[in-house]
Amino acid sequence: MSTTLFKLQQDHLAHLQRAYSDILIAQGIDSLAIYSGHANAHFADDQTPTFQAYGHFLHWVGLANVQHSWLVIQPGQRPQLYLYSPADFWHLPTSLPEEPWVAELDIHLCNDKITPPLIGRAAVIGDVKHLETNTQQSIHAEYQPSELIHALDELRLFKTPYEVACLREANRLTIAGHQAAQAAFVGASGELDIQLAYLGASRQRESDVPYQNIIGLNSHAGVLHYQHYDLHTPKQRHSLLVDAGRRFRGYCADITRTHAGPDAPSIFGELITAMHGLKDVLIEHIAPGVEFVALHEQMHQRLGEILIAHDLFKGSVEEAVNEGVTRAFCPHGLGHSLGLQVHDVAGLRHSDGTPAPAPELHPALRLTRTLRTGMVVTIEPGLYFIPMLLAPLRNTSLPVNWELVDALTPCGGIRIEDNVLVTESGYDNLTPAQ
Ligand code: GLY
Ligand code: MN
Ligand code: MN
């Protein structure tokens, strides 16, 4: 890692130390314990599912796999990291990298699972419900105080230069995976082989991905969170949608690309080009002060224009938007906050922690905030041919070109997704052009 990134990380930790002190003092909390969490075995088994440490723990210690560990923060004191690292000949004990940031914390390597030492009015945050009963009983603290969680979530919404550097690097590695996935598709691979090509080129094992990669061929591209990988290549190859990311030091990339196959009607490729253009235009509108809900509504307006320009809808943009046509073609939100979680925290709250729910017409929107410098968001317009959502429109007189819809349905759909930083002067697209 470069000296610059080390320096940025030290600045990031100093920023956290100041911000946590201010928050804890303002809320009258003397000590805070943040639990990393741990994986729980499947019922009646000794095997555990994939684990990912708690976001607020990762904010300080970007090691996504650390378990049974605690961070104790007190205003004005050095952070104390209690890292569970038992002598174990079955597993490689957890150790910390030899990197300068480690010197910013007091590290305690623990052979046993500990109870965090807390003083005064204390709070505990993290997934503690599966701690051993005696550990739980010996912690005298307020659990998950909502005012504190809201303040810490709000802090996560605004990325430091270190976090931006990590997100940029996560994007760079992710694009390498997308390029390999596209090449595998051109080479007529099936979903599983495309997934393996993606993992290899983005240099990660499947258990480390920030979310389950969506690798959908043909109509699977229209299943928004398609969760399987078919072993075999289908006879007809209409389309490929890849929504896949990677972590770098805990920070997630979340990128989607869609490709036309040799058996797709030519209009499908034209629609992909149009959706790239839509993604770019929406990104150009990103700036501090912009309402994300308004940008989402703008996506629907422009999607209406695309439907009309490509003869999928023979009415007006107003009709397409007001009658719910664009919502049937794109049922998800324009994007969400991105960081230590792929759908990062604080997207549906005002800065004071009060709820800022999604609009009634757009219940899947995960971000309702006014954009501010330092936020990182995804911009992911979509256009899908999902029979379940389009069926109700068929019973209306709305001028949808059903013949064309039917011709495109085997292609599933299109989503194009980039990751964008809001800057003082506008935006910085963290996703390299591909
Ligand atoms: N990969 C999930 C999403 O784009 O939100
Ligand atoms: Mn996304
Ligand atoms: Mn995505």
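Scroll up to find the structure.
These figures come from a predicted structure and were not determined experimentally.

Chemist: Before we move on, can you summarise the site of ligand 1 with the specific residues and values?
Modeler: Around ligand 1 sit Y211, D243, D254, H336, H343, E380 and E417, and those are all the residues in its vicinity. In the environment of ligand 1, a nitrogen atom lies 3.1 Å from a nitrogen or oxygen atom belonging to the side chain of D254. Look at ligand 1: alone it shows 200 Å² of surface, and the protein chains cover 93% of it. Of all the cavities here, the one that holds ligand 1 is the second largest pocket. Here the shell around ligand 1 is composed, by residue class, of one nonpolar, two polar and four charged.

Chemist: Hey, could you go over the sheet that holds strand β8 (residues 239-248) for me, with residue numbers and the actual values?
Modeler: One open sheet accounts for three strands, arranged β7-β8-β9; its pairing is antiparallel. At either margin of the open sheet sits one strand with a lone partner, and together these are β7 (214-217) and β9 (251-260). Across the sheet, the axes of successive neighbouring strands diverge by a mean angle of 15°, strand direction being ignored. Taken together, the ten bridges between β8 and β9 define a ladder with antiparallel strand orientation. Within the sheet, the bridge partner assigned to R246 lies in β9 and is A253. Packed onto the sheet, helix α5 (residues 161-186) meets β7, β8 and β9 and runs at close to 30° relative to β9.

Chemist: Help me get a handle on the environment of L24, residues and values and all.
Modeler: Its place among the elements puts L24 in helix α1 (residues 3-26). Counting along the chain gives 333 residues from L24 to P357, while the straight-line C-alpha distance between them is 27 Å. If near-sequence neighbours (up to four positions away) are discounted, L24 is found in contact with I29, L32, I73, P75 and L148.

Scoring rules and cut-offs
Residues numbered from 1 in each chain as written. Chains lettered and ligands numbered in written order. Predicted model: local features only at pLDDT ≥ 70, side-chain atom pairs only at ≥ 80, totals over all residues. Heavy atoms only, no water. Near = heavy atom within 4 Å. Polar contact = N/O pair within 3.5 Å; in protein donor to acceptor, adjacent residues only side chain to side chain. Areas by Shrake-Rupley, 256 points an atom, 1.4 Å probe, with all protein chains shown as cover. 1 Å grid on protein atoms, 1.4 Å probe; cavity = no way out; pocket = protein on both sides within 12 Å on 5 of 7 lines; lining within 4 Å. Sits in = over half its atoms within 2 Å of the grid points. Nonpolar A, V, L, I, M, F, W, Y, C, P; charged D, E, K, R; others polar. Pairing = 2+ DSSP bridges. Helix = DSSP H or I, 4+ residues; strand = E, 2+ residues; numbered from the N terminus. Axes fitted to C-alpha atoms, helices over the stretch in contact; angles between N-to-C directions. Contact = heavy atoms within 4.5 Å.

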